[in-house]
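Residues per chain, in single letters:
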Amino acid sequence: MFRSQIKHCRACGTAVAHRLPDDGDTRMRAICPSCHTVHYENPLNVVGTIPVWGPGGEQVLLCKRNIEPRYGKWTLPAGFMELGESTAEGAVRETHEEAGAQIELQGLFTLLNVVRVGQVHMYYRARLLSDRFDPGHETQEARLFHESEIPWDELAFRTVKETLELYFADRRTGIFPVHAGDIQ
Ligand SMILES: [Zn+2]
């Protein structure tokens, strides 16, 4: 069961109570005993890309993280979606911010629920327009990997591993359907 992280009211700062609201809601909520604000918490979207290079998309761009969590581990460019943008726009923005990579976005590839942490991760396929990268402060290094070079034991997140495995499997057939699934 997902546990609330809210300790204090976002409206007035009073310590919240975790209880059922009085309006028939059946879920525990963080409720302010002072101003009665009910703090609803919902899953966050993480959006990113699987940027590929080469005539057959044989190389994939990975970023070495320069921030916690998973400092020093490798990831696909991805991050939290912002208000005012679509999932596709967020995926392109994160790819620019983390890798300084120029891409042409292609189709949605994976949609993975990570219920344990209250997140939904979405990765789009993307074609790199150049193999020159300019990583931002969140990234130590951005480079291309062939399938045989992927640091499988040094990947930052399960959704990245899942997305890379699915990509290289589909590349053998050349058909890239959308994969929806759950990460435990
Ligand atoms: Zn309050």
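Residues numbered from 1 in each chain as written. Predicted model: local features only at pLDDT ≥ 70, side-chain atom pairs only at ≥ 80, totals over all residues. Heavy atoms only, no water.

**Notes on the pairing of strand S9 (residues 119–128)**
Okay, step 1: Burial runs high along S9: 9 of the 10 residues are buried.
Okay, step 2: Of the strand pairs in this sheet, strand S8 (residues 103–114) and S9 are connected by 9 bridges, and their pairing is antiparallel. What sits directly across from Leu 105, in S9, is Ala 126.
Okay, step 3: Between S8 and S9, which follow one another and run antiparallel, lie 4 residues, and Gly 118 among them has a positive phi close to 70°. (Buried < 20%, exposed > 50% of the residue type's maximum accessible area, 1.4 Å probe, protein only. Helix = DSSP H or I, 4+ residues; strand = E, 2+ residues; numbered from the N terminus. Pairing = 2+ DSSP bridges.)

**Here we look at the pattern of salt bridges**
Okay, step 1: This model, assessed by the stated rule, comprises 10 salt bridges.
Okay, step 2: The residue Glu 165 makes a salt bridge to Lys 161 at a minimum N-O spacing of 3.0 Å. With a gap of 4 residues between them, Glu 165 and Lys 161 both fall in helix H2 (residues 158–171), about one helical turn apart.
Okay, step 3: Relative accessible area serves as the criterion here: at 36%, Glu 165 is assigned to the partly exposed category.
Okay, step 4: In this structure Lys 161 comes out as partly exposed when scored by relative accessible area, which is 33%.
Okay, step 5: One network of salt bridges, with partners in common, ties together Glu 85, Arg 93, Glu 94 and Glu 97. (Salt bridge = Lys/Arg side-chain N within 4 Å of Asp/Glu carboxyl O.)

**Side note on the side chain of Arg 93**
Okay, step 1: Checked against the element boundaries, Arg 93 lands in helix H1 (residues 87–99).
Okay, step 2: What makes Arg 93 buried here is its relative accessible area of 18%.
Okay, step 3: Excluding residues that lie within four positions of it along the chain, Arg 93 makes contacts with Phe 80, Met 81, Glu 82 and Glu 85. (Contact = heavy atoms within 4.5 Å.)

**Some details on the sheet that holds strand S3 (residues 38–39)**
Okay, step 1: Sheet architecture is open: 3 strands sit in the order S1-S2-S3, paired in antiparallel fashion. Of all the strands in the sheet, the pair left with one neighbour each is strand S1 (17–19) and S3.
Okay, step 2: One ladder, built from 3 bridges, connects S1 with strand S2 (residues 29–31); its direction is antiparallel. Across the sheet, residue Ala 17 finds its bridge partner in S2, namely Ile 31.

**Comments concerning the coordination of the zinc ion**
Okay, step 1: Around the zinc ion, the protein supplies Cys 9 (SG), Cys 12 (SG), Cys 32 (SG) and Cys 35 (SG) as donor atoms, at distances of 2.3 to 2.4 Å.
Okay, step 2: Geometry at the zinc ion is tetrahedral, judged from its 4 donor atoms and the angles of 101 to 121° they form at the metal.
Okay, step 3: Donor residues binding the zinc ion come from one chain and are separated in sequence as C-x2-C-x19-C-x2-C. Placement of the pair is Cys 9 in the segment before S1 and Cys 32 in the loop between S2 and S3, with a sequence separation of 23 residues.
Okay, step 4: Residue classification places Cys 32 among the buried positions, given a relative accessible area of 1%. (Donors = N, O, S within 2.8 Å, 3.2 Å for Na, K, Ca; no water. Tetrahedral: all angles 85-135°; square planar, octahedral: opposite > 155°, others 65-115°.)

**Some thoughts on the environment of Arg 116**
Okay, step 1: Mapped onto the fold, Arg 116 is located in the loop between S8 and S9.
Okay, step 2: Classification of Arg 116 as exposed rests on a relative accessible area of 57%.
Okay, step 3: In this structure the C-alpha to C-alpha distance between Arg 116 and Ala 180, which are 64 residues apart in sequence, comes to 16 Å.

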